[in-house]
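# Structural overview for review
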Amino acid sequence: MSLEVSENQLDAIIRAAIEKHGDQRDALIPILGEINQALGYIPGEALGKIRRCINTPEEGLFLADSHLYSIASFYHMYSLKPVGRHIVRYCESAPCHVVGGRQVIQRLHDFLGLAPGETSADGRWTLFQTSCLGICSVGPVIVVDDDIYGHVTPQRVSFILAKYR
Amino acid sequence: MKPIRSMVLVSNDPLSIEHGAGDVFQALQAEIRRLGLAEDIRVGTIADVGDWEETPLVIIYPEAVVYSPVTAEDVPILVEEHLLHGHIVKSLLGKMHEPVGEIAWLRTRLGTLPVQQRVVLSRAGVIDPESLDDYLLHDGYSALGKALTSMTPAQVIAEIEKSDLQGRGGAGFPTGRKWAFVRSAQGQPKYVICNADESEPGTFKDRLILEGDPFSVIEAMTIAAYAVGAQDGFIYIRGEYRLAYRRLENAIQQATQRGLLGDHIFGKDFNFHIHLHAGAGAYICGEETALIESIEGKRGQPRPRPPYPPTYGLWGKPTLVNNVETLANIPPIIRNGAEWFHQFGTQRSRGTKVYTILGNVNFTGVIEVPLGITLREVIEIYGKGIKRGAQLKLVQTGGSSGSIVPASLQDTPMDFESWRKAGVSLGSGALLICDEHTCVVDLAKVILQFFRFESCAKCAPCRVGTQRLYQLMSEISQGRGAPEYLDEILVLGRDMELLSNCGLGQTASVAVRDILKYFRDEVEEHIYQRVCRAGVCQIPGSPPAEFSMSQQPAAQAD
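Residues numbered from 1 in each chain as written. Chains lettered and ligands numbered in written order. Predicted model: local features only at pLDDT ≥ 70, side-chain atom pairs only at ≥ 80, totals over all residues. Heavy atoms only, no water.

## Remarks on the overall build of chain A
Each helix and strand counted, chain A has 6 helices and 4 strands in total. Taken from N to C terminus, the helices and strands of chain A fall in the order α-α-α-α-β-α-β-β-β-α. For chain A, the C-alpha atoms occupy an extent of roughly 60 × 30 × 25 Å along the three principal directions. Counting over 165 residues, chain A shows a buried share of 51%. (Helix = DSSP H or I, 4+ residues; strand = E, 2+ residues; numbered from the N terminus. Buried < 20%, exposed > 50% of the residue type's maximum accessible area, 1.4 Å probe, protein only.)

Have a look at this one:
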């Protein structure tokens, strides 16, 4: 989805995040988290804005945009690209795999026509692979936005996704 | 506090919430108020119950009756019959086909499941995890009180050392010794970190502890801080664990309000503050130095060790890093003494262990049992046997970085000592049970895919090695493998073990190595005959899966 973020909106999110978490280096990950939470992704221009807000060379804190980029790109929960209206995550770890996860993932890929990390042309879906979600006792598991679905079968995939417009 | 007659608990794990637990909770409160019972009956929530189809659950104490699944429409009948007239509503009972998670324990108490010995999960599913009062009524904070008023820091450490508690994060390092290192380390300030970045696939014991009994971890960290001389603590929790995060946030707030956290705890000259730090999705941050880097606001890439965190940790200061389950053992040990703790487990491995049972068994979920029971016991007693009467083929222990245990070793007692001898790591406590329909090549491929994705790419042996191992296994699974691949896998695996900077690279090849040790013939079939006997790998031009399966004897571990 081409989510247009206005300059002001982004500034406001960053200001609020710094207000909440502080302007030291250890606040960086929480700040990035707030932006990702609010917008679904971290726009490139946010990195420079954060840097300008928290750099205090006189206290020995001096970061380049590349530092911020390296952090934002390291953690899997952050996206650096705009995402669709609904985010579908699936776990491909062994516990889900041995109880039928392979077939579910295949069905997900076929149904959405997406590879992990891709967003559909109509902006409805983004598909992500996620690491184990710790709900393995009901595997295979998929997560759509914040809703968790357990004991998923290939047949259930289309029914689950039909709930999301 | 006014006595109450009944306590009603509603499950509110993510799955229950999706099935309307919030409505049930509100309906219960409204109905109880309407009938004028609000003074006598408390409504609370409990943690994970693990069962998918049958949520949400309503559990009523002191009878410990479990109703499931309950909808908001059921509530008026439930309240009127059970809470007003005192009759059990049979029509809402026992729809649960297989008890899972906390319910397993409730069933234990009701006499339908074998007894578990619970130390760290003793309160989970019994108390309202969002209520400090509830925690206080169940021995909460008596350990901290005892430590602060009648023990010196050195005595606290001595007690933990005497208990022989070993770290439950995977490595099994003696906890008391680690505390002593931090206490004697030079440098101020000192920090206490709770490692709640539980990311090992198949492991969710820490989530259950944090969701079910968050105050116990807070209390334990406070005891640790008193013992090692720290004023600030951090809980690094996975970004995915939102409910656990909220519960901890609430617990910290309530404890601070009551003076059990903050300045002058118990009126003593002892200050301790806890900061919550959510991860952002990186398996590697479970490694303690990567975790520390991440708290500092950097990429979560491990530091070279030594120096270890007890001397050089957060911001270069002495830092104690303990796993959630390890910490949850601390209050009961301090409260009851080291001798008491010795009644659980074996001579060499004291205490209980929380396991998650997964895969092709009839019961999947969490159990807490003494160290030293065997895999066979876990599978047959707690797992209720392999699904559909199939044969056990192998068990993967401790998540992706864990070992592969063939069926022939299932009678080895599960304790740190015996497993170390058998070359198996007890790891995080995940037990992934695989039946004969599992293909070892396919399993190895999935495990390596995970490491390839999660490698932090700081050091070459891991960055390149995980990619190459995956590539080789992937070729084999497609029937394009060459005999020399197996040697390359073993050599590469050994190199990664010796040369990688941290545990991720060092253990990434463990599963493949074990598979080649116990199931080499099956891997070779993929190469020489281009056949997958389990019928999982799709090998072009090989006989159809049904044919190859019927021609092969049921997979047997050698």
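## Structural notes on the overall build of chain B
Of the regular secondary structure elements, chain B holds 23 helices and 13 strands. Here chain B has a C-alpha radius of gyration of 25 Å; the compact-globule value for 558 residues is 24 Å, and the two agree. Considering only C-alpha atoms, chain B reaches an extent of 75 × 65 × 40 Å along its principal axes. At a minimum sequence separation of 6, the contacts of chain B that also span at least 24 residues come to 70%. Taken as a whole, chain B presents about 20200 Å² of accessible surface, with 50% of it coming from carbon and sulfur. (Rg over C-alpha atoms; globule rule 2.2 N^0.38 Å. Contact = heavy atoms within 4.5 Å. Areas by Shrake-Rupley, 256 points an atom, 1.4 Å probe, with all protein chains shown as cover.)

## What about the interface of chain A and chain B?
At the interface, 38 residues of chain A touch 56 residues of chain B. Note on chain A versus chain B: buried area summed over both sides is about 3700 Å², and carbon and sulfur give 60% of it. For the interface between chain A and chain B, the tally reads 1 salt bridge. Where Arg242 of chain B meets Asp146 of chain A, a salt bridge forms, and the shortest distance between an N and an O atom there is 2.8 Å. Where chain A meets chain B, there are 14 residue pairs in polar contact (both at pLDDT 80 or more). Counting only elements with at least two residues in the side of chain A that touches chain B, the list comes to helix H2 (28–39), helix H4 (65–74), helix H5 (94–112) and strand E4 (147–149) of chain A. Ranked by residue count, the leading element in the side of chain A that touches chain B is H5 of chain A, at 6 residues. Here the side of chain A that touches chain B is built from residues that sort into 19 nonpolar, 12 polar and 7 charged. (Buried area = accessible area lost by both parts, 1.4 Å probe. Salt bridge = Lys/Arg side-chain N within 4 Å of Asp/Glu carboxyl O. Polar contact = N/O pair within 3.5 Å; in protein donor to acceptor, adjacent residues only side chain to side chain. Nonpolar A, V, L, I, M, F, W, Y, C, P; charged D, E, K, R; others polar.)

## Digging into helix H9 (residues 205–212) of chain B
Taking burial as the measure, the 8 residues of H9 of chain B include 8 buried ones, the bulk of the element. By the burial criterion, the buried members of H9 of chain B are Lys205, Asp206, Arg207, Leu208, Ile209, Leu210, Glu211 and Gly212 of chain B.

## So, the environment of Gln506 of chain B
Residue and element names in this part refer to chain B. Structurally, the position occupied by Gln506 is in helix H20 (residues 503–507). Gln506 sits in the partly exposed class, given a relative accessible area of 30%. Spatially, the C-alpha atoms of Gln506 and Arg494 are 8.5 Å apart, while their sequence positions differ by 12 residues. Residues in contact with Gln506, not counting those within four places in the same chain, are Met496, Glu497, Ser500 and Asn501.

## Structural notes on the domain arrangement of chain B
Residues and elements named next belong to chain B. For chain B, the domain assignment lists domain 1 (6–97), domain 2 (132–340), domain 3 (355–413 + 423–435) and domain 4 (440–551). A C-alpha centroid distance of 38 Å is found between domain 2 and domain 4. Across the contact, 12 residues belong to domain 2 and 9 residues belong to domain 4. Regarding the contact of domain 2 and domain 4, the summed buried area is about 800 Å², with carbon and sulfur atoms giving 66% of it. Here domain 2 is connected to domain 4 by 0 salt bridges. Across the contact surface, domain 2 and domain 4 share 4 residue pairs in polar contact (both at pLDDT 80 or more). Split by residue class, the side of domain 2 that touches domain 4 holds 6 nonpolar, 3 polar and 3 charged. (Domains from an automatic or database assignment.)

## Some remarks on the side chain of Glu325 of chain B
Residues and elements named next belong to chain B. With respect to the helices and strands, Glu325 occurs in helix H13 (residues 324–336). Look at Glu325 and you get buried, because its relative accessible area is 0%. What Glu325 contacts, discounting residues up to four positions off in sequence, is Val120, Arg168, Lys205, Asp206, Ile209, Thr352, Lys353 and Val354.

## Let's talk about the side chain of Asn36 of chain A
Residue and element names in this part refer to chain A. Inspection of the secondary structure puts Asn36 in helix H2. When its relative accessible area of 12% is taken as the criterion, Asn36 is described as buried. In contact with Asn36, not counting residues within four places along its chain, are Tyr41, Ile42, Met77, Tyr78 and Ser79.

## Some thoughts on the sheet that holds strand E2 (residues 41–46) of chain B
Residue and element names in this part refer to chain B. Spatial ordering of the open sheet is given by E2-E1-E3-E4, a layout of 4 strands whose pairing is mixed. For this open sheet the edge positions go to E2 and strand E4 (65–67), each flanked by a neighbour on one side alone. For this sheet the average axis-to-axis angle between neighbouring strands, irrespective of direction, equals 20°. As judged from the 4 bridges shared by strand E1 (residues 6–11) and strand E3 (residues 58–61), these two strands associate in the antiparallel manner. Across the sheet, residue Leu9 finds its bridge partner in E3, namely Ile59. (Pairing = 2+ DSSP bridges. Axes fitted to C-alpha atoms, helices over the stretch in contact; angles between N-to-C directions.)

## Description of the pattern of salt bridges
All names here are of chain B. Counted by the stated rule, this structure contains 37 salt bridges over all chains. The salt bridge involving Arg533 is made with Asp521; its shortest N-O contact spans 3.4 Å. Of this pair, Arg533 sits in the loop between helix H22 (520–528) and helix H23 (545–551) while Asp521 is found in helix H22, placing the two residues 12 residues apart along the sequence. The exposure class assigned to Asp521 is partly exposed, which follows from its relative accessible area of 42%.

## With respect to the sheet that holds strand E11 (residues 392–397) of chain B
All names here are of chain B. Read across the sheet, 5 strands follow the order E10-E9-E13-E11-E12 without closing on themselves; strand pairing throughout is mixed. Two strands close off the open sheet at either side, each with one partner strand: strand E10 (365–370) and strand E12 (404–406). Direction aside, neighbouring strands of the sheet carry axes that sit 30° apart on average. Of the pairings in the sheet, the one linking strand E9 (residues 352–359) to strand E13 (residues 430–435) comprises 4 bridges and is parallel in character. Residue pairing in the sheet places Gly359 in a bridge with Ile433 of E13.

## Looking at the domain arrangement of chain A
When the domains of chain A are assigned, the result is domain 1 (7–74) and domain 2 (86–162). Centre-to-centre, using C-alpha coordinates, domain 1 of chain A lies 31 Å away from domain 2 of chain A.

## Points about the packing of aromatic side chains
Within this structure, the stated rule accounts for 14 aromatic pairs over all chains. On the numbers, 5.0 Å between centres and 80° between planes, the contact of Phe74 of chain A with Tyr75 of chain A is edge-to-face. With centroids separated by 6.4 Å and ring planes inclined at 35°, the aromatic side chains of Phe173 of chain B and Phe181 of chain B adopt a geometry described as tilted. The partly exposed category is assigned to Phe181 of chain B, whose relative accessible area is 41%. Each member of the aromatic cluster is reached from another via a ring pair, and the members are Phe74, Tyr75 and Tyr78 of chain A. We note Arg177 of chain B situated over the ring of Phe173 of chain B; from NZ or CZ to the ring centre the distance is 5.6 Å. Over the ring of Tyr470 of chain B we find Arg452 of chain B, and its NZ or CZ is 4.1 Å from the ring centre. (Phe/Tyr/Trp six-rings, centres within 6.5 Å; stacked < 30°, edge-to-face > 60°. Lys NZ or Arg CZ within 6 Å of the ring centre and 35° of its normal.)

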